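As a plain string of letters, each chain reads:
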Amino acid sequence: MKLKIPKQEYTAEFKELAVKRVKAGQGIGTVARELGLVERFYQRVMHCYLVLGRPAEGLGVYRRMRQTLSVTLGLSPSPESDSLYKQLLTPASSSSDGLHASR
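Residues numbered from 1 in each chain as written. Predicted model: local features only at pLDDT ≥ 70, side-chain atom pairs only at ≥ 80, totals over all residues. Heavy atoms only, no water.

## A word on helix α5 (residues 79-89)
Buried within α5 are the following residues: Ser 81, Leu 84 and Leu 88. Buried positions in α5, seen along its axis, are confined to an arc of 60° and lie on one side of it. Residues of α5 that are exposed and point more than 90 degrees away from the buried face comprise Pro 79 and Lys 86. (Buried < 20%, exposed > 50% of the residue type's maximum accessible area, 1.4 Å probe, protein only. Helix = DSSP H or I, 4+ residues; strand = E, 2+ residues; numbered from the N terminus. Arc of directions from axis to C-beta.)

## Observations concerning the environment of Glu 57
Here Glu 57 lies in helix α4 (residues 55-73). In the structure, Glu 57 is positioned 31 residues away from Leu 88 in sequence and 9.2 Å away in space, judged by C-alpha atoms. Only 2.6 Å separates the side chain of Glu 57 from the side chain of Arg 54, close enough to count as a polar contact. (Polar contact = N/O pair within 3.5 Å; in protein donor to acceptor, adjacent residues only side chain to side chain.)

## A word on the confidence of the model for the chain
Overall, the prediction assigns the chain a mean pLDDT of 74, with 58% of residues at 70 or greater. Considering each helix and strand of the chain separately, the mean pLDDT is smallest for helix α2 (residues 28-34), with a value of 65, and largest for α5, with 94. Across residues 1-10 the pLDDT falls below 50, and counting only partners more than four positions away or on other chains, this stretch makes 23 contacts in the model. (pLDDT = per-residue confidence, 0-100. Contact = heavy atoms within 4.5 Å.)

## What about the nonpolar core?
Within the largest apolar cluster, twelve residues are counted, these being Val 38, Tyr 42, Met 46, Leu 50, Leu 59, Val 61, Tyr 62, Met 65, Leu 69, Leu 75, Leu 84 and Leu 88. Sorting the residues of this core by element identifies α3 (37-51), α4 and α5 as the ones contributing at least two each. Setting aside its immediate chain neighbours within four residues, Leu 88 contacts Met 46, Leu 50, Pro 55, Gly 58 and Leu 59. (Core = buried A, V, L, I, M, F, W, Y, C linked by side-chain atoms within 4.5 Å.)

## A few points about the packing of α3 against α5
At a closest axis distance of 10 Å, the pairing of α3 and α5 adopts a crossing angle of 20°. In terms of orientation, α3 and α5 fall into the roughly parallel class. The two elements α3 and α5 cross, and the hand of that crossing is left-handed. Where α3 approaches α5, its residues Glu 39, Gln 43, Met 46, His 47 and Leu 50 are matched on the opposing element by Glu 80, Ser 81, Leu 84, Gln 87 and Leu 88. Among the residues making up the contact of α3 with α5, the classes are represented as four nonpolar, four polar and two charged. (Axes fitted to C-alpha atoms, helices over the stretch in contact; angles between N-to-C directions. Parallel < 35°, antiparallel > 145°, perpendicular 65-115°, else oblique. Left-handed = near helix turned anticlockwise from the far one by under 90°. Nonpolar A, V, L, I, M, F, W, Y, C, P; charged D, E, K, R; others polar.)

## So, the pattern of salt bridges
For the coordinates displayed, the defined rule picks out one salt bridge. With its nearest N and O atoms 2.6 Å apart, the salt bridge here joins Glu 57 to Arg 54. We classify Glu 57 as partly exposed; its relative accessible area is 34%. (Salt bridge = Lys/Arg side-chain N within 4 Å of Asp/Glu carboxyl O.)

Rendered as C-alpha cells:
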C-alpha cells in the first residue's frame with residue numbers, strides 16, 4: 001500500500017495531527033513514518049555529510065534511507081532526497097554555503 005506523505009514542517013498543526021493519530025491507536029513509529037519524518041531525518045543527515053565534505057558517508061545514508069522507505073513503506077525517495085543524492089555524487093560543486101571540513 002502506498003502512503004501519501006504530506007510535505008510539511010513540524011508545526012503546531014502537524015504536531016496536533018500526530019497526537020490525534022497516536023490517541024487513535026497508532027504507534028508513534030507508524031505515525032512518524034506516515035507523516036514523512038523518517039525521510040526528513042535521513043535528508044538532514046545526508047545534508048550534514050555534504051557540508052562536512054564526507055560524501056561517501058552521505059551516500060551510505062541515502063542507500064539506507066532508500067532501503068527503509070522501500071521495505072517499510074513501499075515508497076521511493078522524494079525529489080528532495082534525489083537532489084541531495086546528486087549533490088553527494090558531485091560534492092565539490094554542490095556546497096552552497098561554502099563550508100568544508102578539513103581532513
